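# A look at the structure
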Amino acid sequence: MAIKKQFIKTKPVVKVTFSIEAKKATAAAVVGDFNNWNPAEGELAKLKNGTFKAVFDLPKDHSFEFKYIVDGSYVNDPEADSYAYNDFAGAENSVLAL
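Residues numbered from 1 in each chain as written. Predicted model: local features only at pLDDT ≥ 70, side-chain atom pairs only at ≥ 80, totals over all residues. Heavy atoms only, no water.

A separate point is the sheet that holds strand β5 (residues 51-59). With antiparallel pairing, the 4 strands of this open sheet are ordered in space as β1-β2-β5-β4. Each edge of the sheet is formed by a strand with only one pairing partner; in this case those strands are β1 (2-7) and β4 (45-46). Bridge count between β4 and β5: 2 bridges; the pairing is antiparallel. Its bridge partner lying in β5, A45 is registered against K53. (Pairing = 2+ DSSP bridges. Helix = DSSP H or I, 4+ residues; strand = E, 2+ residues; numbered from the N terminus.)

Right under this line is the structure:
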C-alpha cells in the first residue's frame, strides 16, 4: 500500500495517488471524507502486477479519514499519516493530511 502526494504550485489541490496490492482481489476502492464514503466514486483500477491504483485531486490544507475496500473488506493503509478512531465505524480509520 502506498500514498503518493504531488502538490500543485499553481492550484489549491494535491494529486493523491492511492494504491494497494491485492493480487487475488477482483475489486478495490478507496472511500473517505473526500468522496462521501462512496465506493463508486473511489474505484481503483487493477494493474497487471496485481496492484489497484487511482489518482484523485484533493484540496490542500485539509485532512481526510479514509479506508480501502478490497472485495468488500475494509482495510487501513499502514503508510497513512495517522489514524483516528471513528465512533460510527467502531474502529480506526486511516488519516491523510495534505
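Glancing now at unusual backbone geometry. Within the chain, N36 stands out as a residue other than glycine whose phi angle is a positive 55 degrees. As for its position among the elements, N36 is in the loop between β3 (28-32) and β4. Since its relative accessible area comes to 65%, N36 is described here as exposed. Here W37, not a glycine, exhibits a phi torsion of approximately 60 degrees, which is positive. Looking at the element boundaries, W37 is found in the loop between β3 and β4. (Buried < 20%, exposed > 50% of the residue type's maximum accessible area, 1.4 Å probe, protein only.)

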